[in-house]
Amino acid sequence: MTSTIKISEKDKVFQIATVAGWVEQTGMQVTIDEINFAICVFNKKNKDFIQVSEVESGAKLLSIPISVIDIFISDTRDKAIEYYKDNVIPLIQKKIKANGLDKFRKEVEKAKKYMVETHGERPDIKDIEEEGK
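Residues numbered from 1 in each chain as written. Predicted model: local features only at pLDDT ≥ 70, side-chain atom pairs only at ≥ 80, totals over all residues. Heavy atoms only, no water.

A. Structural view of the overall build of the protein chain. Each helix and strand in the protein chain was counted, giving four helices and seven strands. Listing the helices and strands of the protein chain from first to last along the sequence gives β-β-β-β-β-β-α-α-α-α-β. A compact globule built from 133 residues would reach a C-alpha radius of gyration of about 14 Å, and the protein chain, at 15 Å, matches this within 12%. In terms of overall dimensions, the protein chain has a C-alpha envelope of 40 × 35 × 35 Å along the principal axes. (Helix = DSSP H or I, 4+ residues; strand = E, 2+ residues; numbered from the N terminus. Rg over C-alpha atoms; globule rule 2.2 N^0.38 Å.)

B. Examining the environment of Lys106 more closely. With respect to the helices and strands, Lys106 occurs in helix H4 (residues 101–119). On the accessibility criterion, Lys106 (59% relative accessible area) is exposed. (Buried < 20%, exposed > 50% of the residue type's maximum accessible area, 1.4 Å probe, protein only.)

C. A look at H4. Along its 19 residues, H4 runs 26 Å from first to last C-alpha, staying within 8% of the 27 Å computed at 1.5 Å per residue. Turning to H4, its buried residues are Phe104, Val108 and Met115. Looking straight down H4, one finds that the buried residues subtend no more than 45° of arc, so they occupy a single side. Relative to its buried face, H4 has exposed residues pointing more than 90 degrees away, namely Asp102, Lys106, Lys110, Lys113, Tyr114 and Glu117. Next to the buried residues of H4 lie strand S2 (12–18), strand S3 (21–32), strand S4 (35–44), strand S5 (47–54), strand S6 (60–65) and helix H3 (89–99). In the stretch just after H4, Gly120 is the one whose phi turns positive, near 85°. (Expected span 1.5 Å × (residues − 1). Arc of directions from axis to C-beta. Contact = heavy atoms within 4.5 Å.)

D. How the structure looks around the pairing of S5. Burial analysis of S5 places seven of its eight residues in the buried class, the great majority of the element. One ladder, built from eight bridges, connects S4 with S5; its direction is antiparallel. The residue of S5 that forms the bridge with Phe42 is Phe49. Between the antiparallel neighbours S4 and S5 lie two residues, among them Lys45 with a positive phi of about 50°. Note: S5 against S6, five bridges, orientation antiparallel. Counted as the bridge partner of Ile50 is Ile64 from S6. Where S5 hands over to S6, the hairpin turn is made up of five residues, of which Gly58 adopts a positive phi near 75°. (Pairing = 2+ DSSP bridges.)

This is the structure we're talking about:
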């Protein structure tokens, strides 16, 4: 499957949809076939995960366990990008392909509508400014 892939130049603070409402999460934006995704590393119950969410709706697409070793070898932005290209982006592409692009976009719109109805408009997403520059 050939996809157009773009990775944001700066990390961002995203708004992720949860049952409790919008939650800020720091991560990297990846655009695949004109759909924006947030890739964020988080810890839940002492286990580390990479969570992929669609940006507009904040809806979770994937939650992938990640080892402490993988976190350490991905300790710079460039190394994280390479890890995501090899291990995360192909999974996103499979998910899009399995559902078809049109159906995927419709599901995004449904999720976005639900979040707006239940928790209000999504707060703005912000670029993270690099310190010391």
